[in-house]
Amino acid sequence: MAFERLKSQVETIVSDTTLLTDEKLLQICQLLETNIEYYNWVGFYFKNGDKNELKLGPYVGEPTDHTIIPFGKGICGQVALSNQNFVVPDVTAQDNYIACSITVKAEIVIPIFINGENIGQIDIDSNTPDPFTEADERFLEFVCYKVSEIL
């Protein structure tokens, strides 16, 4: 399965001592966006200091105006408060969705924890309706765990 192969590639990126953290995060974004056909925008958001907002980190995909997201706003902002995975099969059915592009049909957001604290998340948009499965969730939880080790 593609996810199993990608896990070892994520581990290789994370353990590369020649790369800075943001370079590692960008390479992870590139790896996922390139190898999973329905991952059309892949990026990281992180808690912005002591503020109740998220700040955009490394990402791959169409440029976004959403570089700062208040807690509670949109899918990412909701995950910042709930500390739970959020899978959105159809973004048009979400009242609190922040539209990034008219081509986006679905979104998945998985939180990143360090010592039990939600410090950020991986955010993936898809132009394919309802593409995300439990396998995506488990794989992205693995990615977030590996990312937590380098932050």
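Residues numbered from 1 in each chain as written. Predicted model: local features only at pLDDT ≥ 70, side-chain atom pairs only at ≥ 80, totals over all residues. Heavy atoms only, no water.

### Quick word on the environment of Val10
As a reminder, the rule being used: Secondary structure elements are defined from DSSP: runs of H or I of at least 4 residues count as helices, runs of E of at least 2 residues count as strands, and each element is numbered from the N terminus.
Relative to the helices and strands, Val10 resides in helix H1 (residues 2-14). Taking the C-alpha atoms as reference points, Val10 and Lys146, separated by 136 residues in sequence, lie 7.8 Å from one another.

### With respect to the pairing of strand E5 (residues 106-114)
The criterion, for reference: Relative accessible area decides the class of each residue, using a 1.4 Å probe on protein chains only: under 20% of the type maximum gives buried, over 50% gives exposed, and in between gives partly exposed. The criterion for strand pairing is that DSSP finds at least two bridges linking the strands in question.
Where burial is concerned, most of E5 is hidden: 7 out of the 9 residues are buried. Across 3 bridges, strand E4 (residues 86-88) lies against E5 in antiparallel orientation. Across the sheet, the residue bridging to Val87 is Ile108, located in E5. Of the strand pairs in this sheet, E5 and strand E6 (residues 117-126) are connected by 9 bridges, and their pairing is antiparallel.

### Remarks on the side chain of Gln121
To keep it simple, the criterion reads: Contacts are assigned to residue pairs that have any heavy atoms within 4.5 Å of one another.
Relative to the elements of secondary structure, Gln121 occurs in strand E6. Leaving out residues up to four positions away in the same chain, Gln121 has contacts with Gly43, Phe44, Tyr45, Leu54, Cys76, Val79, Ala80, Val109, Ile110, Pro111 and Ile112.

### Notes on the packing of helix H2 (residues 21-35) against helix H4 (residues 134-148)
Threshold: Angles run from 0 to 180 degrees between N-to-C directions of axes, and those axes are lines fitted to C-alpha atoms, restricted for helices to the stretch in contact. Orientation is classified from the angle alone, with under 35 degrees giving roughly parallel, over 145 giving roughly antiparallel, 65 to 115 giving roughly perpendicular, and any other angle giving oblique. Handedness of each helix crossing follows the sense of rotation of the near helix against the far helix: counterclockwise by less than a right angle gives left-handed, clockwise gives right-handed. Nonpolar residues are Ala, Val, Leu, Ile, Met, Phe, Trp, Tyr, Cys and Pro. Charged residues are Asp, Glu, Lys and Arg, and all others, Gly as well, are polar.
In the contact formed by H2 and H4, the axes pass within 12 Å of each other and the chain directions differ by 165°. The orientation of H2 with respect to H4, classified from their angle, is roughly antiparallel. Crossing geometry of H2 relative to H4 is assigned as right-handed. Contacts between H2 and H4 involve Leu25, Ile28 and Leu32 from the first element and Phe139, Leu140, Val143 and Val147 from the second. Looking at the contact of H2 with H4 residue by residue, the class counts come to 7 nonpolar, no polar and no charged.

### Comments concerning the sheet that holds strand E2 (residues 53-60)
Taken together, 6 strands build an open sheet; the order of strands is E3-E2-E1-E6-E5-E4 and the sheet is antiparallel. Here the strands that pair on one side only, and so sit at the sheet edges, are strand E3 (68-70) and E4. On average, each strand axis in the sheet is tilted by 25° relative to the strand beside it, whichever way the strands run. Relative to the sheet, H2 contacts strand E1 (41-47), E2 and E6, its axis offset from that of E2 by approximately 65°.

### Focus on the nonpolar core
This is how the line gets drawn: The set of buried Ala, Val, Leu, Ile, Met, Phe, Trp, Tyr and Cys residues whose side-chain atoms join them within 4.5 Å is what this entry labels a nonpolar core.
Ile28, Leu32, Tyr39, Phe44, Ile122, Phe139 and Leu140 are the most contacted members of the largest nonpolar core, which totals 32 residues. Broken down by secondary-structure element, the contributors of at least two residues to this core are H1, H2, E1, E5, E6 and H4. If you tally residues by element for this core, the top one is H4, at 6 residues. Discounting chain neighbours no more than four positions away, the residues touching Leu140 are Leu32, Tyr39, Ile108, Ile110, Ile122 and Ile124.

### Some details on H2
To keep it simple, the criterion reads: To estimate how far a helix should reach, multiply one less than its number of residues by 1.5 Å. This arc is taken over the directions from the axis of the helix to the C-beta atoms.
With 15 residues, H2 should reach 21 Å at 1.5 Å per residue; the first-to-last C-alpha distance of 21 Å fits that figure. Looking at H2, one finds that the buried residues are Lys24, Leu25, Ile28, Cys29, Leu31 and Leu32. Take H2 and look down its axis: the buried residues cluster within an arc of 160°, on one side only. Across from the buried face of H2, at angles greater than 90 degrees, the exposed residues are Asp22 and Thr34. The elements touched by buried residues of H2 are H1, E1, E2, E6 and H4.

### A short note on the packing of aromatic side chains
The condition that has to hold: Ring pairs shown here join Phe, Tyr and Trp side chains whose ring centres sit within 6.5 Å, with only the six-membered ring taken for Trp; geometry is labelled stacked below 30 degrees between planes, edge-to-face above 60, and tilted in between.
Under the defined criterion, the tally for this structure stands at 7 aromatic pairs. Between Tyr38 and Tyr39, the ring centres sit 5.3 Å apart and the planes meet at 85°, which makes this aromatic pair edge-to-face. On the accessibility criterion, Tyr38 (19% relative accessible area) is buried. On the basis of relative accessibility, which here comes to 0%, the residue Tyr39 falls in the buried class. Each ring, one from Phe44 and one from Phe46, has its centre 6.0 Å from the other, and the planes form 10°; the classification is stacked. Here Phe44 and Phe46 have matching classes, each one buried.

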